Amino acid sequence: MATLVLLRHGESDWNAKGLFTGWVDVSLSAKGEDEARRGGRLLTDNGLRPDVVHTSLLTRAIQTAQLALAEADRIWLPVKRSWRLNERHYGALQGKNKAQTREEFGDEQFMLWRRSYDVPPPPIADDDEYSQAGDPRYALLPPELMPRTECLKDVVERMLPYWYDEIVPDLAAGRTVLVAAHGNSLRALVKHLDGISDEKIAGLNIPTGIPLVYELDADFRPTRPGGEYLDPEAAKAAIEAVANQGR
Ligand SMILES: O=C(O)[C@@H](CO)OP(=O)(O)O
């Protein structure tokens, strides 16, 4: 048995403003920092002691991991980071207000872009103020892998190599693994773990700052489908709020 803890970053400044964020590197809001610390306390209160942490390359996930681990007295953990755990690239929607986008394009198109499995938003132009072209953190990424938009299917495809090559070996070595990442990169991972269909994944939302714990069997499949949120009541309310964004 191996233990995997998934943690979506705490509320970011752009979550608070209701903006599509994707690869734009925004920070946690004060509320998001509190959520991250609380996530760390939930780990300790439940006797969970991660041995290694994996994060995306985005500040909000890195800050969340640091705040949670400081609270859990484990700031010293080895860290691995990868663009493969980044949020879904939201293409030309990055920086746009969710409610205004819904009003402008209608509910159906809004939900297609936001939650369909295989419809990406239009690509972002390299000279857009919210493009990541030229961002030094992706300098070593082969240009053909650098996204300009992504649907969830694209995220599954770029995330899974990291799961198999970097996370599974840690789990196989008996380490308790913390993954601090994003709403849609974690939806991609949960889709894989729980074998959720392309249609049903539209209805799955991940709340900010609440650890989701999976016990995995010898095949790295969940012993309990859906895992377990460490604060199920708070998770339920926060999942509802994520689902209703833009309304
Ligand atoms: O804006 C984003 O990058 C994501 C996560 O905050 O939003 P959504 O939940 O709408 O996919």
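Residues numbered from 1 in each chain as written. Predicted model: local features only at pLDDT ≥ 70, side-chain atom pairs only at ≥ 80, totals over all residues.

- Per an unreviewed UniProt entry, the protein chain carries the name 2,3-bisphosphoglycerate-dependent phosphoglycerate mutase and comes from Nonomuraea jiangxiensis.
- Under the Function (unreviewed entry) heading, UniProt states for the protein chain: "Catalyzes the interconversion of 2-phosphoglycerate and 3-phosphoglycerate." (UniProt positions renumbered as here; feature names shortened; annotations may be inferred.)

1. Re the UniProt feature "active site" (unreviewed entry) in the protein chain
Next up, step 1: As recorded in UniProt, the sites labelled "active site" (unreviewed entry) are His9 and Glu87. Their sequence span is 79 residues, while the largest C-alpha to C-alpha distance among them is just 10.4 Å; these annotated residues converge on one region.
Next up, step 2: Inspection of the secondary structure assignment puts His9 in the loop between β1 (2–8) and α1 (13–17).
Next up, step 3: Once residues within four sequence positions are removed from consideration, His9 is found in contact with Leu28, Gly32, Arg60, Ala61, Thr64, Ala180, His182 and Thr208.
Next up, step 4: Checked against the element boundaries, Glu87 lands in the loop between β3 (79–81) and α4 (98–105).
Next up, step 5: On the basis of neighbour count, Glu87 is assigned to the buried category, with 27 C-beta atoms found within 10 Å.
Next up, step 6: Filtering out sequence-adjacent residues up to four positions away, Glu87 remains in contact with Thr21, Gly22, Trp23, Ser56, Leu58, His182, Gly183, Asn184 and Ser185. (Helix = DSSP H or I, 4+ residues; strand = E, 2+ residues; numbered from the N terminus. Contact = placed C-beta atoms within 7 Å. Buried ≥ 20, exposed ≤ 12 C-beta atoms within 10 Å, placed from the backbone.)

2. Focus on the nonpolar core
Next up, step 1: The biggest cluster of nonpolar side chains holds 43 residues, and the ones touching the most others in it are Val5, Leu6, Ala68, Met159, Leu178, Val179 and Ala180.
Next up, step 2: Sorting the residues of this core by element identifies β1, α2 (30–45), α3 (59–71), α6 (152–172), β4 (177–181), α7 (183–194) and β5 (212–216) as the ones contributing at least two each.
Next up, step 3: Ranked by residues supplied to this core, first place goes to α6 with seven residues.
Next up, step 4: Discounting chain neighbours no more than four positions away, the residues touching Val179 are Leu4, Leu6, Leu7, His54, Leu85 and Ile167. (Core = buried A, V, L, I, M, F, W, Y, C linked by C-beta atoms within 7 Å.)

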